[in-house]
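Chain residues, written in single-letter form:
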Amino acid sequence: MQVILYSTDCPKCKVLVAKLNNKNINYNTISDINVIISKGINTVPVLEVDNNLMDFKTAVNWVNER
């Protein structure tokens, strides 16, 4: 499973990071704005799991289910 967090270190991003870390989910963080925009993302955080993009609420639910 490949997990990527697209983040600008905003408050919601920090919440998602804490949740991922609490569940010991391995992930990579991408904070390069150009990469984020090229993926069609216009709000962060976005979590990508196996090529499936999730907004903040969906991502939090996904992490909580783990």
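Residues numbered from 1 in each chain as written. Predicted model: local features only at pLDDT ≥ 70, side-chain atom pairs only at ≥ 80, totals over all residues. Heavy atoms only, no water.

Peer 1: Looking at this structure, I do not really get the confidence of the model for the protein chain. What am I missing?
Peer 2: Parts of the model with low pLDDT should not have their predicted coordinates read in detail. Per-residue confidence for the protein chain averages 96 on the pLDDT scale, and 100% of its residues sit at or above 70. Of all secondary-structure elements in the protein chain, the lowest mean pLDDT belongs to helix 2 (residues 33-38), at 95, while strand 1 (residues 3-6) reaches the highest, 98. (pLDDT = per-residue confidence, 0-100. Helix = DSSP H or I, 4+ residues; strand = E, 2+ residues; numbered from the N terminus.)

Peer 1: Before we go on, may I ask you to explain unusual backbone geometry in this structure?
Peer 2: A cis amide bond links Val 44 with the next residue in sequence, Pro 45, at an omega value of 0 degrees. Tracing the chain through its elements places Pro 45 in the loop between helix 2 and strand 3 (46-49). If you check the backbone angles, Asp 9 has positive phi at about 65 degrees while not being a glycine. With respect to the helices and strands, the residue Asp 9 is situated in the loop between strand 1 and helix 1 (11-22). Judged by relative accessible area, Asp 9 falls into the exposed class, the value being 53%. Non-glycine residue Asn 24 carries a positive phi angle of around 55 degrees. (Buried < 20%, exposed > 50% of the residue type's maximum accessible area, 1.4 Å probe, protein only.)

Peer 1: What should I look at first to understand the pairing of strand 1 in this one?
Peer 2: In summary, the side chains of a regular strand alternate between the two faces of the sheet. Of the two faces of strand 1, the one lined by Val 3 and Leu 5 and the one lined by Ile 4 and Tyr 6 are each fully buried. Of the pairings in the sheet, the one linking strand 1 to strand 3 comprises four bridges and is antiparallel in character. In the strand pairing of strand 3, Ile 4 is matched with Glu 48. Bridge count for strand 1 against strand 2 (residues 28-30) is three bridges, and the pairing is parallel. If you follow Ile 4 over to strand 2, its bridge partner there is Asn 28. Crossover handedness for the path strand 1 to helix 1 to strand 2: right-handed. (Pairing = 2+ DSSP bridges. Right-handed = clockwise from strand over helix to strand, strands pointing away.)

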